[in-house]
Amino acid sequence: MEEVKLRTLSVLVDNESGVLSQVSRLFSRKGFNVESLAVGTTDNPAISRMTIEVLANENQTDLMCNQLAKMVPVHSVKLLVPSHSIRRELVLYKVRAKTSEDKNEIIQIANIFRGSIIDVSKETLTLSVIGDEKKTDAVQELLADFGIEELVRTGMIALERGKYTIDEDTKEKGEFNYGKDVL
């Protein structure tokens, strides 16, 4: 039995309404739960980049990459290798801090993890932390003692290290592009 582990896919798609729905339906039809999904425009406003994390084995991952590559709005699909990629997420924590001692301790935790205090009220502090799961989970564990009022995660984003990039060369030209330039 092949090992099921967290796989990170980077996908360039048309920046149009309905594309996210098409991609997410593909994963649900195949019985996969998306662990993390982050979408945003690239330097080209007509193209968005999706970073999708899913628990799958190697064969399932190959199947998903091939199915994604066949979709009309998809320009490029790449499985990111953990040793050659950088993964980060942004987490916002709203934490109870009723005393000045609590506030000082929370500020120290933020400083240790290179986080930022982005909002202050009489009874709460809101921190932002950017990092991988180990870092954000460690911050969460330390802040839990104060009482986390709210927490939100962006979902993982990722890029390959060094000169490696995602580009349209990963898709066979013409084979799946029918219809993109017809209208």
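Residues numbered from 1 in each chain as written. Predicted model: local features only at pLDDT ≥ 70, side-chain atom pairs only at ≥ 80, totals over all residues. Heavy atoms only, no water.

### A closer look at the overall build of the protein
Under the convention used in this document: Numbering of helices and strands runs from the N terminus, with a helix taken as a DSSP run of H or I at least four residues long and a strand as a DSSP run of E at least two residues long. Partly exposed residues are those whose accessible area sits between 20% and 50% of the maximum for their type, while under 20% is buried and over 50% is exposed, using a 1.4 Å probe and protein chains only.
Helix and strand content of the protein: four helices and nine strands. Taken from the N to the C terminus, the helices and strands of the protein come in the order β-α-β-β-α-β-β-α-β-β-α-β-β. Oriented by its inertia axes, the alpha-carbon framework of the protein measures out at about 65 × 45 × 35 Å. Residues classed as buried in the protein amount to 37% of the 183 residues present.

### Focus on helix α4 (residues 133-144)
What counts here: Each residue after the first adds 1.5 Å to the expected span of a helix. This arc corresponds to the set of directions leading from the helix axis out to the C-beta atoms. Any two residues having at least one pair of non-hydrogen atoms within 4.5 Å are treated as being in contact.
The end-to-end C-alpha distance of α4, which contains twelve residues, comes to 16 Å, matching closely the 16 Å that a straight helix rising 1.5 Å per residue would cover. Among the residues of α4, Thr136, Val139 and Leu143 are the ones counted as buried. When α4 is viewed along its axis, its buried side chains cluster within an angular range of 60° and face the same direction. Relative to its buried face, α4 has exposed residues pointing more than 90 degrees away, namely Lys134 and Glu141. Lining the buried residues of α4 we find β5 (85-96), α3 (100-112), β7 (124-131) and β8 (148-153).

### Digging into the side chain of Thr136
By the element assignment, Thr136 lies in helix α4. Leaving out residues up to four positions away in the same chain, Thr136 has contacts with Glu89, Val91, Tyr93, Val129, Gly131 and Arg153.

### Quick notes on the nonpolar core
Selection criterion: By convention a nonpolar core is built from buried Ala, Val, Leu, Ile, Met, Phe, Trp, Tyr and Cys residues, the set being connected through side-chain atoms within 4.5 Å.
Counting residues in each nonpolar core, the largest one holds 19 residues, and the members touching the most others are Val11, Val23, Phe27 and Leu68. Listing elements by their share of this core, those giving two or more residues are β1 (5-14), α1 (19-29), β3 (47-56), α2 (58-70) and β4 (74-80). Excluding residues that lie within four positions of it along the chain, Phe27 makes contacts with Leu9, Phe32, Val34, Ile52, Val54, Met64 and Leu68. The next biggest cluster of nonpolar side chains, apart from the first, holds 14 residues, and it includes Ala97, Ala110, Phe113 and Phe146.

### Description of the pattern of salt bridges
We count it as follows: Any Lys or Arg side-chain nitrogen found within 4 Å of a carboxyl oxygen on Asp or Glu counts as a salt bridge.
On inspection of all chains with the given rule, the structure shows seven salt bridges. With a closest N to O distance of 2.5 Å, Arg87 and Glu133 form a salt bridge. With Arg87 in strand β5 and Glu133 in helix α4, this residue pair connects regions lying 46 residues apart in the sequence. A relative accessible area of 18% places Arg87 in the buried class. Between Asp137 and Arg153 there is a salt bridge, and its shortest N-O distance comes to 3.2 Å. With Asp137 in helix α4 and Arg153 in strand β8, this residue pair connects regions lying 16 residues apart in the sequence. Of the residues examined, Arg153 reaches a relative accessible area of 31% and is grouped as partly exposed.

### Quick word on the packing of α1 against α2
The condition is simple: Axes here refer to lines fitted to C-alpha atoms; in helices the fit is confined to the stretch in contact. Angles between the N-to-C directions go from 0 to 180 degrees. With the far helix as reference, a near helix turned anticlockwise by less than a right angle produces a left-handed crossing, and one turned clockwise produces a right-handed crossing. For this classification, the nonpolar set comprises Ala, Val, Leu, Ile, Met, Phe, Trp, Tyr, Cys and Pro, the charged set comprises Asp, Glu, Lys and Arg, and every other residue, Gly included, is treated as polar.
As a packed pair, α1 and α2 sit with axes 11 Å apart at the nearest point and diverge in direction by 145°. Considering only the axes of α1 and α2, their crossing is right-handed. Contacts between α1 and α2 pair Val23, Leu26 and Phe27 from the former with Met64, Gln67 and Leu68 from the latter. When grouped by side-chain class, the residues that make up the contact of α1 with α2 number five nonpolar, one polar and no charged.

### Some details on the environment of Thr8
The line we're drawing: Whenever two N or O atoms come within 3.5 Å, that pair is a polar contact, provided that in protein one can donate a hydrogen and the other can accept it, and provided that, for residues adjacent in sequence, both atoms are side-chain atoms.
Structurally, Thr8 is set in strand β1. Not counting chain neighbours up to four residues away, the residues in contact with Thr8 comprise Thr51, Ile52, Glu53, Lys78, Leu79, Leu80, Arg87 and Ala158. A polar contact is formed between the side chain of Thr8 and the side chain of Glu53, at a distance of 2.8 Å.

### Overview of the sheet that holds strand β2 (residues 34-41)
So the rule is basically this: Two strands pair if DSSP finds at least two bridges between them.
Pairing is antiparallel across the open sheet formed by four strands, whose spatial order is β2-β3-β1-β4. Strands with a single pairing partner mark the edges of an open sheet, and in this sheet they are β2 and β4. Here the strands of the sheet are splayed against their neighbours by 15° on average, with no regard to which way each runs. Looking at chain direction, β1 and β3 are connected through ten bridges and run antiparallel. The residue of β3 that forms the bridge with Val13 is Ser48.

Shape is all these values report; function is a separate question.
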